[in-house]
Amino acid sequence: MTSLLIFLVLVLIGIAIWQLTKIFDLTQVGVDSDNSEVANDKDNSVNGYLMFAFVGFIYIFTIYSLFEWSDLVLGTPASEHGVEVDNLMYISMLLIFFVQTVTQFLLHYFAFKYRGKKGQKALYFADNNKLEAVWTIIPVIVLAGLILYGLYTWNNIMFYEEDEDVIYVELYAKQFSWEARYAGEDNTLGKANVRYIEGINTLGVDLSDPAAQDDKVVTELHLPKGKKVVFKIRSQDVLHSAYMPHFRAQMNCVPGMITQFAFVPTVTTAEMRQDEAIIAKVDKINKIRAKKSTELVAKGEEALDPYTFDYLLLCNKICGASHYNMQMKIVVDTPEDFKKWLNEKPALAQQWKEANAPAEPEVKQDVTPEMVIDSTLIVDNH
Ligand SMILES: [Cu+2]
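Criteria and thresholds
- Residues numbered from 1 in each chain as written.
- Predicted model: local features only at pLDDT ≥ 70, side-chain atom pairs only at ≥ 80, totals over all residues.
- Axes fitted to C-alpha atoms, helices over the stretch in contact; angles between N-to-C directions.
- Helix = DSSP H or I, 4+ residues; strand = E, 2+ residues; numbered from the N terminus.
- Parallel < 35°, antiparallel > 145°, perpendicular 65-115°, else oblique.
- Left-handed = near helix turned anticlockwise from the far one by under 90°.
- Contact = placed C-beta atoms within 7 Å.
- Nonpolar A, V, L, I, M, F, W, Y, C, P; charged D, E, K, R; others polar.
- Pairing = 2+ DSSP bridges.
- UniProt positions renumbered as here; feature names shortened; annotations may be inferred.

**Q** Could you give me a rundown of the packing of helix α2 (residues 41-69) against helix α3 (residues 82-113), with the residues and numbers involved?
**A** Any two packed helices are characterised by the angle at which their axes cross and by the distance between the axes. Direction vectors running N to C along α2 and α3 enclose 165°, while the axes themselves pass 7 Å from each other. Taken as axis vectors, α2 and α3 run roughly antiparallel relative to one another. In the packing of α2 onto α3, the handedness of the crossing is left-handed. Between α2 and α3, the contacting residues are G48, Y49, M51, F52, F54, V55 and I58 on the first element and Q104, F105, H108, A111 and F112 on the second. Residue composition of the contact of α2 with α3, grouped by class: 9 nonpolar, 3 polar and no charged.

This is the structure:
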């Protein structure tokens, strides 16, 4: 009902404005005005100044954004290669920022300076080799530099040797959750295929494969600080993307194939919680949550829990209705804590055996002669 009233009011306001303009037009009858569709000097001037105003707006909004939202960036990278990714990002952004500032100014300033004036004609020339060489060669050099630097960084990140001291972890994506599999003592992940998915074997691990016997499946990812972790990434259903923003890592999860990404975590969860930027971020979030909580309590609902920092593995491909909530907690431990944590986890093959052990045979009740007689008596009564 309210929306209908608002709609009616808007329609009436529209009609009123339309009528007012008609009255205004009538008051102008007889006044010498330029009704032609061709822009005159005044129109061109107005547009010229508007161009100037627009470039001012871009600059002011940019400066405002930097002050208002610069605390939303990710902060300290938590992986070895993260520093390289950040450098690449900073250099690219600085360059874009510089070029954008200069070119936008020139574009809008010239639009203002050479705005149309009566009697003024534009100079026409077909080409200028010097000018074209300058605006071709400079971008070629800059872009080639950026691309080569990016390729070099990417190759550095993606390269690892098989015999390096690494641990293998499988990330398994499905609508809408993650699971992880550790390779166990042999550091070799057993074979897996969706066709083997059954009961608690939700990753489809081939339990007849000797390498799979010590594999461990978990729903919370733990990583040791300072050790290279090679992720072997699979998907059960659609395209997902394994995104670990704090580690500057992202890789597609493609059904039917194994993709991979490797990195060395350098900051434990406990250390990251002491990071200044993270403390400020957590405070900011908790202030918002506290405000929301008072609203909720006033409505008679439960208050929100305060937030503590944790690393996250997120899905970064819009993969369906609950995509936004597809995440797994990541804990970076010291190597000792990591070992302890992993040792406590049972192997999937063991869990499978326990879950599918044949049921204990039922204990047969002794049948006494009296019971037999009784039942015959019951039958006889009928
Ligand atoms: Cu997903």
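**Q** Any details on the sheet that holds strand β6 (residues 240-244)? Residues and values, ideally.
**A** Reading across the sheet, the 5 strands line up as β4-β10-β9-β6-β7 and stay open at both edges, with mixed pairing between neighbours. With partners counted over all chains shown, the strands left at the sheet margins are β4 (221-224) and β7 (249-253), one partner each. The average angle at which neighbouring strand axes cross in this sheet is 25°, direction not considered. Where strand β9 (residues 311-315) lies against strand β10 (residues 327-333), 4 bridges are found, and the strand directions are antiparallel.

**Q** If you had to explain the UniProt feature "domain: Cytochrome oxidase subunit II copper A binding" (unreviewed entry) in the protein to someone new, which residues and values would you point to?
**A** Taking the numbering used here, the UniProt-annotated feature "domain: Cytochrome oxidase subunit II copper A binding" (unreviewed entry) corresponds to residues 164-344. As annotated, residues 164-344 has a helix share of 20% and a strand share of 31%, and its two end C-alpha atoms lie 26 Å apart.

**Q** Just give me the short version of the sheet that holds strand β8 (residues 259-263), but keep the residues and values in it.
**A** The 5 strands are arranged β3-β2-β1-β5-β8 in an open sheet whose pairing can be described as mixed. Bordering the open sheet on either side are β3 (216-218) and β8, each of which pairs with just one other strand. Here the average twist between neighbouring strands, direction ignored, is 25°.

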